[in-house]
Amino acid sequence: MFKGLFQTKKKTPKAELALDLTDIDLNNVPKHIAIIMDGNGRWAKAQGKVRTFGHQAGAETLKTIVRAADKLGVKVISAYAFSTENWKRPVTEVNFIMELLSRYLTSEIEEFNENNVQVRFIGSREGLPEIVKEKMDNAIEATKNNTGIILNLAINYGGQAEILQAVKDIAAKIEAGSLNVEDITNDVFENHLYTKGLPAPDLLIRPGGDLRISNFLLWQIAYAEIWTTDVYWPDFSPEHLLQAVSAYQGRERRFGGLVNKK
Ligand code: FPP
């Protein structure tokens, strides 16, 4: 059913990605960009196609955006591929996304390595098909020595579940006597999140027109700048990424302080 997906890319040489950096300050590029890849279903429907067609196109978009972000000097892209709530979708759609992930994590390894991309995952492994878990492990192992951009894929991820798990892990340590309540700092807490070791997102991008966080990186986006567009994710292009980064560079980040505030 999914034969051919991602399988043609080696036959056609990769087009050089041309980015117009006129409006971009390369010294102020967000280190970490989080993306809620929304609008796949509506994009497909608008063309009279089934929703899954949109997910397939969305996976292609992610590849292009990771390349563009890398070119810009972004260090981490966190992409919301499957949320803890997405299990509520029809089983055929869930299965399609799982199969898509599995194929993506097979077909893209070579390109990840060619482009020095390190793949990581956030989310719960519980409930994921064995094959997906295998491909995830394989992608981590195959790319672990890459030193370029980190593609941090959120699979079976929910921000509330992540925080709850961190609380439980910390509580267990207190109960065991290995941690004192007064020693719980932001750093300690962050070390119990899936994103341990990663910088917090500077910029959160949400295509698809909705103005929601949708349970994505709740703790981590505390001071992220948010940029939204009505464009559906499959139509999101490197130009949109540049627009988002340019808007980010026009913002004054105060982190609760008074920098330059009149
Ligand atoms: C939201 O669009 C998208 C998802 C729930 C899945 C995202 C999945 C992909 C982009 C493809 C899988 C990714 C990889 C890395 C292979 P929606 O279905 O909610 O769209 P809608 O709001 O228009 O219904």
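The structure contained in this document is the topic of the report that follows. (Residues numbered from 1 in each chain as written. Predicted model: local features only at pLDDT ≥ 70, side-chain atom pairs only at ≥ 80, totals over all residues. Heavy atoms only, no water.)

### Observations regarding the packing of helix H2 (residues 51-72) against helix H8 (residues 238-249)
Defined as follows: Whenever a helix is involved, its axis is fitted only over the stretch in contact; in every case the axis is a line through C-alpha atoms, and angles between N-to-C directions fall within 0 to 180 degrees. Secondary structure elements follow DSSP: runs of H or I of four or more residues count as helices, runs of E of two or more count as strands, with numbering from the N terminus. Small angles under 35 degrees read as roughly parallel and large ones over 145 as roughly antiparallel, with 65 to 115 read as roughly perpendicular and the rest as oblique. Crossing handedness follows the turn of the near helix against the far one: under a right angle anticlockwise gives a left-handed crossing, and clockwise gives a right-handed one. Two residues form a contact once any of their heavy atoms are found within 4.5 Å. Side-chain classes are defined by residue name, with Ala, Val, Leu, Ile, Met, Phe, Trp, Tyr, Cys and Pro counting as nonpolar, Asp, Glu, Lys and Arg as charged, and the others, Gly among them, as polar.
Where H2 meets H8, the axes come as close as 9 Å, and the angle between the chain directions of the two elements is 45°. Between H2 and H8, the angle falls in the class oblique. Of the two possible hands of crossing, H2 and H8 adopt the one that is right-handed. Contacts between H2 and H8 involve Thr64, Ile65, Ala68, Ala69 and Leu72 from the former and Pro238, Leu241, Leu242 and Val245 from the latter. Of the residues contributing to the contact of H2 with H8, the split by class is eight nonpolar, one polar and no charged.

### Side note on the nonpolar core
Test applied: What is meant by a nonpolar core is a set of buried Ala, Val, Leu, Ile, Met, Phe, Trp, Tyr and Cys residues, joined one to another through side-chain atoms within 4.5 Å. When accessible area is computed with a 1.4 Å probe and restricted to protein chains, residues below 20% of their type maximum are described as buried, those above 50% as exposed, and intermediate ones as partly exposed.
Counting residues in each nonpolar core, the largest one holds 49 residues, and the members touching the most others are Ile33, Leu62, Ile77, Leu151, Leu153, Ile205 and Leu241. At eight residues, the largest contribution of residues to this core is made by helix H3 (residues 91-107). If near-sequence neighbours (up to four positions away) are discounted, leucine 241 is found in contact with Ile33, Ile65, Ala68, Ala69, Leu72, Ile205 and Phe236. Within the second largest apolar cluster, eleven residues are counted, among which are Ala34, Ile36, Tyr80 and Phe216.

### Observations regarding the site of the ligand
Rule in force here: Consider each residue's heavy atoms; a residue with any of them within 4 Å of a molecule or strand counts as near. N or O atoms closer than or at 3.5 Å make up a polar contact, with two conditions inside protein: a donor-capable atom paired with an acceptor-capable one, and, for residues adjacent in sequence, both atoms drawn from side chains. Surface accessibility in these figures is a Shrake-Rupley result with a 1.4 Å probe; residues are shielded only by whichever protein chains are displayed.
Taken together, 18 residues surround the ligand, and among them Asp38, Gly41, Arg42, Arg51 and Arg89 come closest. Within the backbone of asparagine 40, a nitrogen or oxygen atom sits 3.2 Å from an oxygen atom of the ligand. Note that an oxygen atom of the ligand is positioned 3.0 Å from one of the backbone N or O atoms of glycine 41. Isolated, the ligand exposes 620 Å² of accessible area, and the fraction of that covered by the protein chains is 92%. At the level of elements, helix H1 (40-46), H2 and H3 are the ones that each hand at least two residues to the shell around the ligand. With five residues, H2 is the largest single contributor of residues to the shell around the ligand.

### A short note on the pattern of salt bridges
Under the convention used in this document: Any carboxyl oxygen of Asp or Glu within 4 Å of a side-chain nitrogen of Lys or Arg constitutes a salt bridge here.
Counted under the stated rule, the structure contains 15 salt bridges. Put simply, arginine 125 and aspartate 137 hold a salt bridge, and the shortest N to O gap is 2.9 Å. A residue pair is termed long-range when its members are at least 10 positions apart, and arginine 125 in the loop between strand S3 (118-122) and helix H5 (130-143) and aspartate 137 in helix H5 qualify at twelve residues. Assessed through its relative accessible area of 35%, arginine 125 is described here as partly exposed. Note on aspartate 137: relative accessible area 38%, which makes it partly exposed. Between glutamate 252 and arginine 254 there is a salt bridge, with the nearest N and O atoms lying 2.8 Å from each other. With relative accessibility at 34%, the residue glutamate 252 sits in the partly exposed group. Arginine 254 sits in the partly exposed class, given a relative accessible area of 32%. The structure contains a network of salt bridges with shared partners spanning Asp202, Glu225, Arg251 and Arg253.

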